[in-house]
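Coordinates in review
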Amino acid sequence: MTALLEAVGVVKRFGGLTAVDGVDIEVAPGEMVGLIGPNGSGKTTLFDCLSGIQSIDGGSVSFDGVDITRRRPHQVARLGMARTFQLIRIYRDLTVLENMELSTQWAGVGLRDLFRRADAATRRKGEDLLEFLMLGPMRDEPAGTLSGGQRRLLEIGMALMSDPRLVLLDEATAGVNPSLVEDIKDRLRAVNSGKGVAFLLVEHNVQFVADLCERVVVLDAGSKLADGTPGQIMDDPAVIEAYFGAAGRARQTNAGDAGGNGTGAGP
Ligand code: ADP
Ligand code: MG
């Protein structure tokens, strides 16, 4: 099967630090893949490299058979790759529905488009997606009034407005209360099975990834440490030491703080 996303030997340096160090990663059409690793292991930077936000210092990235190594973020988005951010990017003073409408216009990138009223079809699509994400009752509220979990759902909705084939989700459960985590999981599964949208999920919540993904990639210090089923990953001694070992130690010294990476608070 041809990969939808195929990255080979991706390298990203910041001065003397190699944040991403020769990573290969593939996502097939309709696949859900988890990307885990300790804090600072390069997950977000890899997302930035894949989505065109960061230029890369080595390797190549292709999407749907097109070489996107040197493409800009909006060009990548137009090809069908959407992403969310570890620190949520929404317009707090605009309504929930207005945020949805603006997100498709971002794909067009004309500044004029941002101030134009959304057309009826865009509005309808935004309303339908908000219903699907259980945000229908909130659609006319300022987005700043949403809870952390609802903002994550809104960001997922905004990513889905452009009918992507692949969505990169960065810490979709950070700062989300456990009941809403289950709702997010359920909605992602529905988007995947209903529309065939592929996902690459960066997560601290390993159980969330294990529940949703057939395959998990583990990063450690910028390099790929493992790539396998959730069961294989969790039994891998190198992964246990690098990831679960560190997380376990953090939990012991940091009682009550599950992730311990301080990403819970959005902007
Ligand atoms: P993760 O998402 O896995 O927690 P990141 O990709 O955010 O990790 O960071 C990987 C490494 O790269 C860290 O050491 C981080 O400090 C560094 N880093 C990330 N972005 C930048 C940047 N813009 N400039 C310099 N260093 C950065
Ligand atoms: Mg990160």
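Refer to the structure printed above.
Attention in this report is confined to the structure presented alongside it. (Residues numbered from 1 in each chain as written. Chains lettered and ligands numbered in written order. Predicted model: local features only at pLDDT ≥ 70, side-chain atom pairs only at ≥ 80, totals over all residues. Heavy atoms only, no water.)

1. Notes on the packing of aromatic side chains
Scanning the entire structure with this criterion turns up zero aromatic pairs. Sitting over the face of the ring of F85, R89 holds its NZ or CZ atom 3.7 Å from the ring centroid. Above the ring of F132, the side-chain terminus of R187 is found at 4.5 Å from the ring centroid. (Phe/Tyr/Trp six-rings, centres within 6.5 Å; stacked < 30°, edge-to-face > 60°. Lys NZ or Arg CZ within 6 Å of the ring centre and 35° of its normal.)

2. A look at the site of ligand 1
Around ligand 1, a shell composed of F14, L17, A19, P38, N39, G40, S41, G42, K43, T44 and T45 is seen. For ligand 1, an oxygen atom lies 2.9 Å from a polar atom in the backbone of T44. Protein contact buries 60% of the 560 Å² of open area that ligand 1 shows by itself. The set of elements that each furnish at least two residues to the shell around ligand 1 consists of β2 (17-27) and α1 (43-50). Ranked by the residues each element gives to the shell around ligand 1, the list is headed by α1, at three residues. (Near = heavy atom within 4 Å. Polar contact = N/O pair within 3.5 Å; in protein donor to acceptor, adjacent residues only side chain to side chain. Areas by Shrake-Rupley, 256 points an atom, 1.4 Å probe, with all protein chains shown as cover. Helix = DSSP H or I, 4+ residues; strand = E, 2+ residues; numbered from the N terminus.)

3. Some remarks on the sheet that holds strand β8 (residues 198-202)
The strand order across the open sheet built from six strands is β6-β7-β8-β3-β9-β10, with neighbouring strands paired in mixed fashion. Every interior strand has two partners, whereas the edge strands, β6 (81-83) and β10 (223-228), have only one. Ignoring which end each strand starts from, the neighbouring axes of this sheet average 15 degrees apart. One ladder, built from four bridges, connects strand β3 (residues 32-36) with strand β9 (residues 215-220); its direction is parallel. Bridged to G34 within β9 is V216. In this fold helix α6 (residues 148-160) packs onto β6 and β7 (166-170), with an angle of close to 155 degrees to the strand it touches most, β7. The strands touched by helix α7 (residues 178-195) are β3, β7 and β8; relative to β8, the strand with the most contacts, the crossing angle is about 150 degrees. (Pairing = 2+ DSSP bridges. Axes fitted to C-alpha atoms, helices over the stretch in contact; angles between N-to-C directions. Contact = heavy atoms within 4.5 Å.)

4. A look at helix α5 (residues 120-132)
Between the first and last C-alpha of α5 there are 18 Å, a value that for 13 residues agrees with the 18 Å anticipated at 1.5 Å per step. Among the residues of α5, those classed as buried are T122, G126, E127, L129 and L130. Within α5, the buried residues cover an arc of 165 degrees as seen down the axis, which keeps them to one side. Turned more than 90 degrees away from the buried face of α5, the exposed residues are A120, A121, R124 and E131. The backbone nitrogen of A121 has a side-chain oxygen 3.1 Å away, supplied by the residue at the start of α5, namely D119. (Expected span 1.5 Å × (residues − 1). Buried < 20%, exposed > 50% of the residue type's maximum accessible area, 1.4 Å probe, protein only. Arc of directions from axis to C-beta.)

5. Overview of the sheet that holds strand β4 (residues 58-63)
Strand order in this open sheet of four strands is β2-β1-β4-β5, and the pairing throughout is antiparallel. Strand pairing shows two members of the sheet lacking a second neighbour, β2 and β5 (66-67), which therefore form its edges. As defined by bridge partners, β4 adjoins β5 across two bridges and the pair is classed as antiparallel. Along β5, the bridge assignment pairs S62 with D67.

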